[in-house]
Amino acid sequence: MAEEKKVEDTSAKEDKDKKIKNLIALAILLGGLFVGSIFVDLVQLIKGGGYSQRALSQIDVFGSAGKTWVAYPDPIVSVQVLTDEDCDSCNPEETLVLLRRILPTISAVKVDQNSEEGTAMLADLNIKALPAYIFSKEIEETEFYLQAQQLFEQFGDKYSLKTAEAGIQVGKYIDLPQVGENDIKIGPDDAKVKVIEFSDFQCPFCKRFHASISKTLETYGDKIQYVYKNLPLGFHLQAENAALASECANEQGKFLAYADKLFEKQDDWGKSEGTQKFKTLALQTGLNASQFNQCLDSGKYQEKINSDKEEAASFGVSGTPGTFINDQFKGGAVDFESLKTIIDEELEK
């Protein structure tokens, strides 16, 4: 019995010694990994070869290879920039510099509109102008998006930046306002140059631009088509009534004559209320008063004016005058000489 007990004690001691050795080995292994990790961090720091994940998680900024690296809370956001390599004014680099100041984590890649991918983007994303900036769904996780959601239009898991609303200069329009049968237009539909103006009769800049338009129509005649679209601005209290009145005058074929009167008497009717001033101007212009008054009182062209407003918004036109000369856009009261230069260039194409 004593001999058996001695064997059991020896076996127990051997098991205990084995466990201790295993624990010591594990401790040495873990310690080695820890020291090795620190050694790797130190070597990478000294040699400029990078940082380990553990080291990166503990710092916000560091220098390496002659550059300064800064940590940001935002995720990497991919941006496809749809552009035209043959369009000098479509270069997006300046805008990308500005965007990176707001959102440093963007990763941009250019896509030519004539490529297969570019053609598909044009069809799927309702793009009207170049360059266009299409963000990946990660934009949703950024502080920039949370503060400026109204500047983005969502298409599935992609977000298109509304460049006009963001104040980004358009390089080239690839879609243009439509000219319908009911639009106010002067000149043939097949004219090589179309001048499409979004305007507000109570706007002083529109009054100044109207002089340029009048001279342009006298100079070019049937070589161009002029299209007037109403964009009465909300802070001009009589602009909506003026727009309705102009449509009623156009119904009788006297838009230009009535427009001349509206701009000439802008200060007078602009301070009035109601529609009586517009009816008086109709008489002075030689319009059929009964037909004009009925048209104005019924708000006959309200839906058309609303449609003009919506179209303007779709192109990012929010101020007046805003004018398209074929695929070129000019904001503000462009003088006649500048307008003439553009039209001449378009006629020579």
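In what follows, the accompanying structure is described. (Residues numbered from 1 in each chain as written. Predicted model: local features only at pLDDT ≥ 70, side-chain atom pairs only at ≥ 80, totals over all residues. Heavy atoms only, no water.)

Okay, the pattern of salt bridges next. For the structure shown, the criterion picks out 15 salt bridges. Linking Lys229 and Asp183 is a salt bridge whose minimum nitrogen-to-oxygen distance equals 3.2 Å. Of this pair, Lys229 sits in strand S12 (residues 224-230) while Asp183 sits in the loop between strand S9 (172-173) and strand S10 (184-186), placing them 46 residues apart in sequence. For Lys229, a relative accessible area of 2% translates into the label buried. (Salt bridge = Lys/Arg side-chain N within 4 Å of Asp/Glu carboxyl O. Helix = DSSP H or I, 4+ residues; strand = E, 2+ residues; numbered from the N terminus. Buried < 20%, exposed > 50% of the residue type's maximum accessible area, 1.4 Å probe, protein only.)

When the terminal C-alpha atoms of helix H12 (residues 302-314) are compared, their 19 Å separation across 13 residues agrees well with the 18 Å that a helix rising 1.5 Å per residue should span. Along H12, the residues that are buried comprise Lys304, Ile305, Asp308, Glu311 and Ala312. Buried residues in H12, looked at end-on, bunch into an arc of 120 degrees, giving them a common side. In this structure, H12 carries Glu303 and Glu310 as exposed residues pointing more than 90 degrees from its buried face. Buried residues along H12 sit against S10, strand S11 (193-199), S12 and helix H7 (239-251). Just past H12, the residue Gly316 takes up positive phi, approximately 75 degrees. (Expected span 1.5 Å × (residues − 1). Arc of directions from axis to C-beta. Contact = heavy atoms within 4.5 Å.)

Counting buried residues in S12 gives seven out of seven residues, a clear majority hidden from the surface. On S12, burial covers both faces: Ile224, Tyr226, Tyr228 and Asn230 on one face and Gln225, Val227 and Lys229 on the other are all buried. Here seven bridges tie S11 to S12, and the two strands are oriented parallel to one another. Opposite Ile196, over in S12, you have Val227 as the bridge partner. What joins S11 to S12 is helix H6 (residues 204-220), and the crossover it makes is right-handed. (Pairing = 2+ DSSP bridges. Right-handed = clockwise from strand over helix to strand, strands pointing away.)

This part covers the layout of surface pockets. In this model, the largest pocket occupies a volume close to 450 Å³. Lining the largest pocket are 25 residues; nearest its centre among them are Gln169, Val170, Tyr173, Phe329 and Lys330. Going through the elements one at a time, S9 and strand S14 (328-331) are the ones with two or more residues in the lining of the largest pocket. A per-class count over the lining of the largest pocket returns nine nonpolar, twelve polar and four charged. (1 Å grid on protein atoms, 1.4 Å probe; cavity = no way out; pocket = protein on both sides within 12 Å on 5 of 7 lines; lining within 4 Å. Points joined across faces, edges and corners; volume = space filled by probe spheres on them. Nonpolar A, V, L, I, M, F, W, Y, C, P; charged D, E, K, R; others polar.)

For the rest of this paragraph, the subject is the nonpolar core. Formed by 39 residues in total, the largest nonpolar core has its most connected members in Val195, Phe201, Tyr258, Phe278, Phe292 and Ile343. Those elements giving two or more residues to this core turn out to be S11, H6, S12, H7, helix H8 (255-264), helix H10 (276-284), helix H11 (289-298) and helix H13 (336-348). Examining the composition of this core, we find that six residues originate from one element, H7, more than from any other. The residues contacting Val195, other than those within four sequence positions of it, are Ile213, Ile224, Gln225, Tyr226, Val227, Thr323, Phe324, Ile325 and Ile343. (Core = buried A, V, L, I, M, F, W, Y, C linked by side-chain atoms within 4.5 Å.)

What the rule picks out here adds up to two disulfides. The disulfide partner of Cys87 is Cys90, and the gap between their sulfur atoms is 2.2 Å. As the torsion about the S-S bond is roughly 70 degrees, the Cys87-Cys90 disulfide counts as right-handed. Residues Cys87 and Cys90 agree in their burial class; the two are buried. Two residues share a disulfide in this structure: Cys248 and Cys295, whose sulfurs sit 2.1 Å from each other. (Disulfide = S-S within 2.5 Å.)

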